[in-house]
Amino acid sequence: MKPPFFWRATSQDAAPRLLRPADATGCADLHATSFAHPWSSSEFEALLADSACFGDGMLDRAKMAGFILSRRAADEAEVLTVVVASSARRKGCGRRLLAAHLARLAALGVAKVFLEVEEGNAAALALYRRFGFSVEGRRKNYYAKSDGGRGDALIMRRIL
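Residues numbered from 1 in each chain as written. Predicted model: local features only at pLDDT ≥ 70, side-chain atom pairs only at ≥ 80, totals over all residues. Heavy atoms only, no water.

A. Fine view of the layout of surface pockets. Within this model, the largest pocket holds a volume of roughly 1,300 Å³. If you go around the largest pocket, you meet 39 residues; those closest to its centre are F35, V82, N121, A124 and Y128. Where the lining of the largest pocket is concerned, the elements lending two or more residues are β4 (76-84), α3 (93-107), β5 (112-118), α4 (122-130) and β6 (134-144). Of the residues in the lining of the largest pocket, the class split is 21 nonpolar, eight polar and 10 charged. (1 Å grid on protein atoms, 1.4 Å probe; cavity = no way out; pocket = protein on both sides within 12 Å on 5 of 7 lines; lining within 4 Å. Points joined across faces, edges and corners; volume = space filled by probe spheres on them. Helix = DSSP H or I, 4+ residues; strand = E, 2+ residues; numbered from the N terminus. Nonpolar A, V, L, I, M, F, W, Y, C, P; charged D, E, K, R; others polar.)

B. Structural view of the sheet that holds strand β2 (residues 53-60). Spatially, β1-β2-β3-β4-β5-β7-β6 is the arrangement adopted by the seven strands of the open sheet, whose pairing is mixed. One side of each edge strand has no neighbouring strand; the edge strands of this open sheet are β1 (17-18) and β6. Summarising the sheet, β4 and β5 pair through three bridges and their orientation is parallel. Note that in β5 the partner of E78 across the bridge is F114. (Pairing = 2+ DSSP bridges.)

C. Region of interest: the pairing of β4. As paired elements, strand β3 (residues 63-73) and β4 share eight bridges and run antiparallel to each other. Paired with S70 across the bridge in β4 is V79. As consecutive antiparallel partners, β3 and β4 are separated by two residues, and within that stretch A74 has a phi angle of approximately 55°, a positive value. Considered for its hand, the β-α-β crossover made up of β4, α3 and β5 is right-handed. (Right-handed = clockwise from strand over helix to strand, strands pointing away.)

D. Structural context of the packing of helix α1 (residues 24-31) against helix α2 (residues 41-49). α2 packs onto α1 with a crossing angle of 125° between their chain directions and a minimal axis gap of 8 Å. Here α1 lies oblique to α2, going by the angle between them. Handedness of the crossing formed by α1 with α2: right-handed. Facing α1, whose interface residues are A24, T25, C27, A28 and H31, α2 presents S41, F44, E45 and L48. Looking at the contact of α1 with α2 residue by residue, the classes come out as five nonpolar, three polar and one charged. (Axes fitted to C-alpha atoms, helices over the stretch in contact; angles between N-to-C directions. Parallel < 35°, antiparallel > 145°, perpendicular 65-115°, else oblique. Left-handed = near helix turned anticlockwise from the far one by under 90°. Contact = heavy atoms within 4.5 Å.)

Written out as structure tokens, the structure is:
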């Protein structure tokens, strides 16, 4: 079966796969391109080594194109971070990652998934709404922005 038209894979690594501690540097490098206060490689390594945490990632030409990382507790999970490389945006990478990740969570017995997203992140909000997430609350001034300002976080939830 061919990959969908919206994601033109350039390597055999383009399918979502489970992340492992060895992916920490690639995750940290990509995270640094999208967040004002990026997480370090050692932070990612610790998270990926934690049995309660797991992630799905996509590679393009052996480089991290996107990933999603969650922490599970009982029948709930919290998405800790989602990042898609600028070169992979608007090509279905985020959609494929989120679909694979939600399927993995459901298979693990997770019933509810929570995440936080900056209210001004229209692309992420559209993606999450497309997957059935709804806004459940708000955290005022939660996100630090690169311009020194602060942004509100929307708390979203989805029942699996």
